[in-house]
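# Working through the structure, step by step
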Amino acid sequence: FEAGDASVTISMTRVKFSDEYADFFTDGGAFWEKPATWKLEKGKMNVRGPGFGFRAEPYNRYKDFKMEFDVRLQNGKGAVWVLRAQDAKNYYLFQLCGPKSGTAKTFRTYICRNGELKLLKSDTIADDISNPNEVFHLVIEAKGSTIRHSLHLFSS
């Protein structure tokens, strides 16, 4: 800018947030971009192996949300999920570490910025989570910059 008064016109577009969404995995995974090792059967998604799965285009955007899902640690290693993903290199990652993982019985929170993962917090899980038949019901609530997890253990 030259010295003196100046004006800048910035065109802004309001972000449209998505409507409520539920997936019972009865459509063969049509709404997901996922690794080939992930399988859908009988209304369940069996997640195995490396890689991330994301909702297929058009991506859903949520400001504040409540999400619930069940996890079973059949191999004892653990489970990982991603929230608030902007893309494949910027997101929050949450890890439930099973009894056969390197950091057994912990719940870990990471942030990934520009592809670099950084551990933010690690909490010890007091309950015995070694039974592969137990189901963990996760309730996740995101409000603004706060993400809260509740973990409920059910034996089957």
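Here is a short report on the structure shown in this document. (Residues numbered from 1 in each chain as written. Predicted model: local features only at pLDDT ≥ 70, side-chain atom pairs only at ≥ 80, totals over all residues. Heavy atoms only, no water.)

Attention now moves to the pattern of salt bridges. Per the counting criterion, the structure on display carries 2 salt bridges. Between E68 and K66 there is a salt bridge, and its shortest N-O distance comes to 3.7 Å. Classification of E68 as partly exposed rests on a relative accessible area of 45%. Overall, the relative accessible area of 54% leaves K66 in the exposed class. The residue D123 makes a salt bridge to K121 at a minimum N-O spacing of 3.8 Å. (Salt bridge = Lys/Arg side-chain N within 4 Å of Asp/Glu carboxyl O. Buried < 20%, exposed > 50% of the residue type's maximum accessible area, 1.4 Å probe, protein only.)

The next thing to look at is the pairing of strand β10 (residues 135-143). Counted residue by residue, β10 has 7 buried out of 9 residues, so it is predominantly covered. Looking at chain direction, strand β5 (residues 65-71) and β10 are connected through 7 bridges and run antiparallel. Among the inter-strand pairings, M67 is bridged to a residue of β10, identified as I140. With 9 bridges connecting them, β10 and strand β11 (residues 146-154) associate as antiparallel partners. What sits directly across from V135, in β11, is F154. In textbook terms, the turn of a hairpin is the stretch between consecutive antiparallel strands, and for β10 and β11 this stretch comprises 2 residues, one of which, G144, has a positive phi near 60°. (Helix = DSSP H or I, 4+ residues; strand = E, 2+ residues; numbered from the N terminus. Pairing = 2+ DSSP bridges.)

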